[in-house]
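Chain residues, written in single-letter form:
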Amino acid sequence: MATYVNNLRLKEIATGAESGTWGTSTNTNLELIGEGLGFATINIASDGDATETVADGSADNARAMYIKVTSTTLTAKRTLTIAPNTIKRVHIIENATTGSQDIDISQGSGANVTIPNGKTKVVYLDGAGSGAAVVDAFTHLSTTD
């Protein structure tokens, strides 16, 4: 039986399974890896919080490394939750919503990262299950001119 426990939710074929069809599953996995390294847009379709789930073995926008978040006009700060809460990922997330509102990026009941309207942040999801947190990857970045 196949499982989807990896951070990209790729199909892990069990030993001896899918005789004659493993090539199709492998090609799908390769396409999903490419999707994971790419760009996608997630639209918050209503003036409310939203959840995007990285699907098991099929295409979705939440898998992309760079996510541009758009919306209908937001009237307050909204939360975008990226599920499942067990994946460990790095994302570059742009707040391109309308309505001049911040968005919070969440994964579980742990810490969230707020992205101001018109700004972009690099975050990582810690994948800690129900208590999962989102962390601003560059909070302690030290650079010199």
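Undergrad: Tell me about the overall build of the chain, residues and numbers included.
TA: The helix and strand tally for the chain stands at one helix and nine strands. Along the first, second and third principal axes, the C-alpha atoms of the chain reach 55 × 40 × 30 Å. Within the span of the chain, comprising 145 residues, buried residues form 37% of the whole. Contacts spanning at least 24 positions in sequence make up 62% of the contacts within the chain whose residues lie at least 6 apart. On the chain, roughly 7,600 Å² of surface is accessible, and the fraction owed to carbon and sulfur atoms is 53%.

Undergrad: Could you give an account of the packing of aromatic side chains, with specific residues and numbers?
TA: The way to describe two aromatic rings as a pair is by their centre distance and the angle between their planes. Scanning all chains against the criterion turns up one aromatic pair. Measuring from centroid to centroid gives 5.6 Å for phenylalanine 39 and tyrosine 66, while their planes differ by 35°, and the two rings are tilted. Of this pair, phenylalanine 39 sits in strand S1 (residues 39-44) while tyrosine 66 sits in strand S3 (residues 66-71), and the two are 27 residues apart along the sequence. Judged by relative accessible area, phenylalanine 39 falls into the exposed class, the value being 54%. Relative accessible area serves as the criterion here: at 24%, tyrosine 66 is assigned to the partly exposed category.

Undergrad: Run through the nonpolar core, naming residues and quoting values.
TA: Among the nonpolar cores identified, the biggest contains 21 residues, and Ile67, Val69, Ile82, Ile93, Ile103 and Ile105 are the most heavily contacted of them. Within the residue set of this core, elements represented by two or more residues are S1, S3, strand S4 (78-83), strand S6 (103-106), strand S7 (113-115) and strand S8 (120-125). Considering every element that reaches this core, the biggest residue donor is S1, with three residues. Among residues more than four places away in sequence, those in contact with isoleucine 82 are Glu52, Ile67, Ile87, His91, Ile93, Ile105, Ser106, Gln107 and Leu125.

Calculation notes
Residues numbered from 1 in each chain as written. Predicted model: local features only at pLDDT ≥ 70, side-chain atom pairs only at ≥ 80, totals over all residues. Heavy atoms only, no water. Helix = DSSP H or I, 4+ residues; strand = E, 2+ residues; numbered from the N terminus. Buried < 20%, exposed > 50% of the residue type's maximum accessible area, 1.4 Å probe, protein only. Contact = heavy atoms within 4.5 Å. Areas by Shrake-Rupley, 256 points an atom, 1.4 Å probe, with all protein chains shown as cover. Phe/Tyr/Trp six-rings, centres within 6.5 Å; stacked < 30°, edge-to-face > 60°. Core = buried A, V, L, I, M, F, W, Y, C linked by side-chain atoms within 4.5 Å.

Bear in mind that shape data such as this cannot, by itself, settle questions of function.
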